[in-house]
Amino acid sequence: MRILVLSDLHIDTHDNFGTFQWNEMDLIMQIEGIRDIHSIDKVILNGDIFELFKYRFDEIEKSNPILMRYLKDNDFILIRGNHDMVYDFSIDHYDITNSHGQKIHIEHGHNAEWLNGTRLGRALGKFGLTLLRSLSNSKMLMDIYFRIVAFEDQIYHIPKKYNTLKYLTYALKLLKEHDVVILAHTHKLESHHTYYLNKKKRYLNCGACSLGRFQAIIMDTETLEYQLIKESRESIRNSYVVRYAV
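Residues numbered from 1 in each chain as written. Predicted model: local features only at pLDDT ≥ 70, side-chain atom pairs only at ≥ 80, totals over all residues. Heavy atoms only, no water.

**Q** Would you take a moment to explain the overall build of the protein for this structure?
**A** From N to C terminus, the protein includes seven helices and 11 strands. Looking at the protein as a whole, 47% of its 246 residues are labelled buried. The long-range share in the protein, meaning contacts at least 24 apart out of those at least 6 apart in sequence, stands at 64%. Counting only carbon and sulfur atoms, one obtains 54% of the accessible surface of the protein, whose full area is about 13200 Å². (Helix = DSSP H or I, 4+ residues; strand = E, 2+ residues; numbered from the N terminus. Buried < 20%, exposed > 50% of the residue type's maximum accessible area, 1.4 Å probe, protein only. Contact = heavy atoms within 4.5 Å. Areas by Shrake-Rupley, 256 points an atom, 1.4 Å probe, with all protein chains shown as cover.)

Following this line, the structure appears as C-alpha cells:
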C-alpha cells in the first residue's frame, strides 16, 4: 500500500489571523495530482487539520465549502492534533503492520509536550477542553475567547518554533515498539534513521501544509521506501520531490 501523509493545514476562515493561505481548488488539485502520479492508496491527514483554537467549525465549514465537501467525500484518515482535539470525527493515531510484520505508527506528536504527555498535563488539558466545550454554547463567551486568541496572535509570531530534539527523543521511545514513526506538529520536514536491536528504524516528520506550503511524505508500506515532498504555491506546477534511499 502506498500512503500519502500530510498535516498542519490549520484550515481557517481566510481572515488576517489565519495561516492556511491556500485556495481550496489549488490544494485539492495538488493532493489529487500526487494521488494520481504516485498511485496513492490512502491519504492520512496527521493532525491540526482545522484551526479550532481560533475559529468555530461551522465558520471554517462555511468559508471552505468545496474543500470540506472534498474531505467528506473521500475516505481519508483524519488524526487529531492539539489544534483540533475537539473535532469528533478523528482518531488519536493510526497504525499499519505490513506483511513482513513491520509496524508503522502515525500520530500528530503533541503528546511529546508536558501538557499532553503527562498525567497532570492531560488532566489540565482535559479540564480546559471541557471548559471550552461548555463555553461553545454561549456565542458571547466564544466571541470573547476568539478575541483573546486573535490578540495573542498579534503578539506572538505563528507558527511557533518548536524544539525538534524533544520530538526526536519522543519518536525514539516509540521506535522501540515500531519500525517507522511518522509525526507532525513541528512544521518541520525531517527524516532520521537509527538502529535498535539490529533493526533499522525510521523517524519521519511530515512538515506542514499551512502558509501556502505543501510538505508531505509518500511511503510504500511494504518496502518502507519513502519520499519527502516539499513544494510551495509558486512551485506547484514545477514541483520537486526530495528522494531518500531506504
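Structure shown, so let's carry the discussion forward.
**Q** Would you take a moment to explain a nonpolar patch on the surface for this structure?
**A** A cluster of nonpolar side chains, Met25, Met29 and Ile66, forms an exposed patch at the surface whose accessible area comes to about 270 Å². When you line up the elements, methionine 25 lands in helix α1 (residues 24-37). (Patch = residues over 30% accessible without salt bridge, like charges linked within 9 Å, V, L, I, M, F, W, Y side chains within 5 Å. Salt bridge = Lys/Arg side-chain N within 4 Å of Asp/Glu carboxyl O.)

**Q** For this particular structure, what's the right way to read the nonpolar core?
**A** One broad rule of soluble globular proteins: the nonpolar side chains tend to lie buried together. Of all hydrophobic cores here, the largest spans 30 residues; its most connected members are Leu4, Leu6, Ile11, Phe50 and Phe214. Of all elements in the fold, only β1 (2-6), α1, β2 (42-46), α3 (65-73) and β9 (213-220) reach the threshold of two or more residues within this core. The contact partners of leucine 6, leaving out residues within four places of it in the chain, are Ile31, Val43, Ile44, Leu45, Asn46, Cys206, Cys209, Phe214, Gln215 and Ala216. Core analysis: the second largest hydrophobic core is formed by 20 residues, Ile44, Ile182, Leu189 and Leu228 among them. (Core = buried A, V, L, I, M, F, W, Y, C linked by side-chain atoms within 4.5 Å.)

**Q** Hey, could you run me through the pattern of salt bridges in this one?
**A** Side-chain pairing between opposite charges can occur once the charged atoms of the two side chains come close. Going through the model one piece at a time under the given rule, you end up with six salt bridges. Residues glutamate 59 and arginine 56 are paired through a salt bridge, measuring 2.9 Å at the closest nitrogen-oxygen approach. Lysine 201 is the partner of aspartate 179 in a salt bridge, and the nearest nitrogen-oxygen pair spans 4.0 Å. Of this pair, aspartate 179 sits in the loop between α7 (164-174) and β6 (180-183) while lysine 201 sits in strand β8 (residues 199-206), placing them 22 residues apart in sequence. In this structure, aspartate 179 and lysine 201 share a single accessibility class: buried. Through salt bridges with shared partners, a single network forms among Arg56, Asp58 and Glu59.

**Q** Looking at this model, I keep getting lost on the packing of aromatic side chains. Mind explaining?
**A** The relative placement of two aromatic rings is captured by the distance of their centres and the angle of their planes. If you walk through the whole model with that rule in mind, you get three aromatic pairs. Ring centres 6.5 Å apart and planes at 85° place the aromatic pair tryptophan 22 and phenylalanine 214 in the edge-to-face group. Residue tryptophan 22 is located in the loop between β1 and α1, and its partner phenylalanine 214 is located in strand β9; the two are separated by 192 residues in the primary sequence. Between the aromatic rings of phenylalanine 50 and phenylalanine 57, the centroid separation amounts to 5.3 Å while the plane-to-plane angle is 90°, which identifies the pairing as edge-to-face. Given a relative accessible area of 24%, phenylalanine 57 falls into the partly exposed group. (Phe/Tyr/Trp six-rings, centres within 6.5 Å; stacked < 30°, edge-to-face > 60°.)

**Q** I tried to follow α7 on my own but got confused; where do I start?
**A** All of the buried residues along α7 are Tyr167, Tyr170, Ala171 and Leu174. Viewed along the axis of α7, the buried residues span an arc of 100°, placing them on a single side of the element. Across α7 from its buried face, at more than 90 degrees, point the exposed residues Leu165 and Lys173. Looking at the buried side of α7, the elements it contacts are β5 (103-107), β6 and β8. (Arc of directions from axis to C-beta.)

**Q** So what exactly am I meant to see when it comes to the side chain of glutamate 107 here?
**A** Along the polypeptide, glutamate 107 turns up in strand β5. Judged by relative accessible area, glutamate 107 falls into the buried class, the value being 6%. For glutamate 107, the contacting residues outside a window of four places in its chain are Asn46, Ile79, Asp92, His93, Tyr170, Leu174, Ile182, Leu183 and Ala184.

**Q** How should the pairing of β1 be read in this particular structure?
**A** The side chains of a regular strand alternate, residue by residue, between the two faces of the sheet. With respect to burial, β1 is a largely interior element, four of its five residues being buried. In this structure, β1 lies alongside β9, joined through five bridges in antiparallel fashion. Across the sheet, the residue bridging to leucine 4 is isoleucine 218, located in β9. In terms of strand pairing, β1 meets β2 through four bridges, oriented parallel. Of the residues in β2, the one forming a bridge with leucine 6 is leucine 45. Between the parallel elements β1 and β2, the chain passes through α1 in a crossover that is right-handed. (Pairing = 2+ DSSP bridges. Right-handed = clockwise from strand over helix to strand, strands pointing away.)

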